[in-house]
Amino acid sequence: MSDPRKESLIVERFEMRASTEPKEGELELYSLFSIIFGFLGIMLKYKICLWVSAVCCVAYLSNLKSKDSSVRTILSPVSLSLMGLVMAYFGPNSNLFV
Amino acid sequence: MKINKLIIFALFVLLFSLFSLSISQSNDVTTDSEEFINYDGGSEAPEDKIPPPTTTTTDNDKIPSTPTPKKPNNWILESCFILIIIGYIANYFIGSKANRELIQLWGAKLQPVFMSNFSKTGNRGDFTILKVNPSSYSFIATGRNNCFGLQASLDLKKRHDLFSILLDFIGYGNPDRMTLEIAMNKENMDPLVFALVKTKSLKKFKSDNSDVDLFCSKYTGSSINTLSNSFGVLCDTDILPSLLLKQQEIQVINQNENLIELFHFTDHSLINPKYPKALKFVFKIPKASEMDKLVLLTRVALHYIDVVANLELPKNYKAKADKLRDKAKENIEKQAQLERQEEIQKKKFEKKLKEKEAIGKLTPEQQRKKDEKEYQKQLKKRTSGGKTKVILG
């Protein structure tokens, strides 16, 4: 059988898919849960919600794609959960958190 | 690997039980504190713990302004969640490593196959596999007869994600998958749409792919009698199964029934508009010990590049396929025209509405002037060219 390879047919920067798309639903869910629990924790003064938010935030960060790491999208769940935890343990009203 | 998962699962269950315990404890504490809100029996115990109020308040304001007693913090909740986070991070590294090892094995097994078929493998030509995230990798090869190139997407189980592992335990996880997408040369492919899908997912596949939905129907002819029942064949012309599924190929498909998910050959691919003629194969990645099966299936996939490129449909079938495509094209054009007309009508209607609104905003005197103007315009129209109609009794 003849060699199928042909250097003249090399396509520079060949890309069949514009971006490989691992299902983003889960990724967005983690971010969404992180934000929701962060808000709930801060508004209702529940430490549990804040911790759940922090766990979701870690899951979100670990599932990030290397390509789409825009700072704004990453920062919102991270800052919210961190801010909540800081408020709950070091803030002036930390004794109000259940 | 399984033992590792079991340990993580056990750890998670333990943490969850601790967590629920801490919730129940915190609930008990809150009810106690509420019970003592209005208690002013002069007991000494709460006063020890409550810090004295900083501002002087009136009698009415006393109850709401009293600060809630600070509960003894036993740090169960915090330690629980910190353990979960540490467990998650540890699992991230363990899972990522497991996936990386699987990809390395895949690369070692399949490198000779791709090297012997493509002159450039990987982005720089040195068989590099791109990491998209810890569970998905991508590989590109180009420089082969009859095709522009190939992209292999490897979607592995999310072993780095603790929650996905838990889902996998319950049975909702996805298996490790390899998707091969091949862009065919434009001139080297007759018009055809052909798909070999698992019977279970036939309906979903049809609804997801517009080309299959437009042109294909389920094939039930005699040329695939030996094919396993778990597969269904969809094609636009009845001759395709007999041309594409020879006895040899059917045998390989039957032998690796549990690994094959999809064969999809089309000249109307939606993957990339730049390459409308494409072949797509989806295989499950087997255990490390059975990786040779995947090598065989990849060889079959690459073999199909030449088969499809050299396929010549008989004239009557080609005419039928062309007719189908012309019809579809006509339908699409008709629909586009209808949409354009609708848009024009919508714009006209909006314009009229705006005019009406503008008239409604005018003062009565302006309206009278406008009516007069219109009346004079109409009169002019009637008397234009000196022709007047005289109606006699």
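Residues numbered from 1 in each chain as written. Chains lettered and ligands numbered in written order. Predicted model: local features only at pLDDT ≥ 70, side-chain atom pairs only at ≥ 80, totals over all residues. Heavy atoms only, no water.

**Remarks on the overall build of chain B**
Rule in force here: Per the convention used, a helix needs a DSSP run of H or I reaching at least four residues, while a strand needs a run of E reaching at least two, with both numbered from the N terminus. Throughout this description, buried means an accessible area under 20% of the type-specific maximum (1.4 Å probe, protein chains only), exposed means over 50%, and partly exposed covers the range between. Contacts: residue pairs with any heavy atoms within 4.5 Å of one another. In this description, accessible areas are obtained by the Shrake-Rupley approach with a 1.4 Å probe, and a residue is regarded as covered only by the protein chains that are shown.
Along the backbone of chain B there are 12 helices and 10 strands. Every one of the 393 residues in chain B was classed for burial, and the buried ones make up 38%. Contacts in chain B between residues far apart in sequence, at least 24 positions, make up 67% of those at least 6 positions apart. Accessible surface, chain B: about 24600 Å² in total, of which carbon and sulfur atoms supply 55%.

**A short note on the UniProt feature "transmembrane region" (unreviewed entry) in chain B**
Threshold: UniProt positions are given in the numbering used here, feature names are shortened, and annotations may be inferred rather than shown by experiment.
UniProt's entry tags residues 75-94 of chain B with the feature "transmembrane region" (unreviewed entry), counted in the numbering of this structure. End-to-end, the C-alpha atoms of residues 75-94 of chain B are 28 Å apart, and along that stretch the chain is 95% helix and 0% strand.

**Side note on the pairing of strand E5 (residues 177-184) of chain B**
All names here are of chain B. Note the cut-off: Whether two strands pair comes down to DSSP finding at least two bridges between them.
Burial runs high along E5: 7 of the 8 residues are buried. Of the strand pairs in this sheet, strand E4 (residues 147-155) and E5 are connected by 8 bridges, and their pairing is antiparallel. Within E5, the position partnered with Asp-155 by the bridge is Arg-177. In this sheet, strand E10 (residues 278-284) lies alongside E5 in antiparallel orientation, the contact comprising 7 bridges. Bridge pairing in E10 places Met-178 opposite Phe-283.

**Notes on the interface of chain B and chain A**
For the record, the criterion: Using a 1.4 Å probe, buried area is obtained as the accessible area two parts lose upon being combined, added over both of them. A side-chain nitrogen of Lys or Arg and a carboxyl oxygen of Asp or Glu constitute a salt bridge if their distance falls within 4 Å. Polar contacts here mean pairs of N or O atoms no more than 3.5 Å apart (in protein, one a potential hydrogen donor and the other a potential acceptor; neighbouring residues in sequence count only if both atoms are side-chain atoms).
Facing 57 residues of chain B, the contacting portion of chain A comprises 36 residues. A buried area of about 3900 Å², summed over both sides, lies between chain B and chain A, and 60% of it is on carbon and sulfur atoms. Sorting the residues of chain B by area buried against chain A places Phe81(B), Val132(B) and Asn145(B) first, and these three jointly supply 13% of that buried surface. Here chain B and chain A share 2 salt bridges between them. The closest approach of N and O atoms between Glu78(B) and Lys47(A), which form a salt bridge, is 3.9 Å. There are 12 residue pairs in polar contact (both at pLDDT 80 or more) connecting chain B and chain A. Elements with a minimum of two residues in the side of chain B that touches chain A: helix H1 (2-35), helix H4 (76-117), strand E2 (130-133), strand E3 (136-144), E4, helix H5 (162-170), E5 and E10 of chain B.

**As for the side chain of Arg159(B)**
Structurally, the position occupied by Arg159(B) is in the loop between E4 and H5. Not counting chain neighbours up to four residues away, the residues in contact with Arg159(B) comprise Asn91(B), Gly95(B), Ala98(B), Asn99(B), Leu102(B), Ile165(B) and Asp176(B).

**Here's the deal with the pairing of strand E8 (residues 231-235) of chain B**
Residues and elements named next belong to chain B. Among the 5 residues of E8, 5 are classified as buried, and the element is accordingly described as predominantly covered. Of the two faces of E8, the one lined by Phe-231, Val-233 and Cys-235 and the one lined by Gly-232 and Leu-234 are each fully buried. Two elements, strand E6 (residues 193-198) and E8, share 5 bridges in a ladder whose sense is antiparallel. Across the sheet, the residue bridging to Val-197 is Gly-232, located in E8. Sheet analysis places strand E7 (residues 217-218) next to E8, joined by 2 bridges and oriented antiparallel. When the sheet's bridge partners are listed, Ser-217 is paired in E8 with Cys-235.

**A closer look at the UniProt feature "transmembrane region" in chain A**
Residue and element names in this part refer to chain A. Under the local residue numbering, the UniProt record ascribes the feature "transmembrane region" to residues 32-52 and 78-98. A helix fraction of 90% and a strand fraction of 0% characterise residues 32-52, whose end C-alpha atoms lie 12 Å from each other. Segment residues 78-98 splits into 62% helix and 0% strand. End C-alpha atoms: 22 Å apart.

**Regarding a positive patch on the surface**
For the record, the criterion: Like charges within 9 Å and nonpolar side chains (Val, Leu, Ile, Met, Phe, Trp, Tyr) within 5 Å are joined into patches, using only residues over 30% in relative accessible area that form no salt bridge. Neither His nor the chain termini are counted; the positive set is Lys and Arg, and the negative set is Asp and Glu. By convention, the point assigned to a charge is CZ for Arg, NZ for Lys, CD for Glu and CG for Asp.
A surface patch of positive charge is lined by Lys369(B), Lys370(B), Lys373(B), Lys377(B) and Lys381(B). One can find Lys370(B) in helix H12 (residues 364-383).

**A look at the side chain of Ser269(B)**
Residues and elements named next belong to chain B. Within the secondary structure, Ser-269 sits in the loop between strand E9 (260-266) and E10. The buried category is assigned to Ser-269, whose relative accessible area is 8%. Among residues more than four places away in sequence, those in contact with Ser-269 are Tyr-275, Pro-276 and Ala-278.

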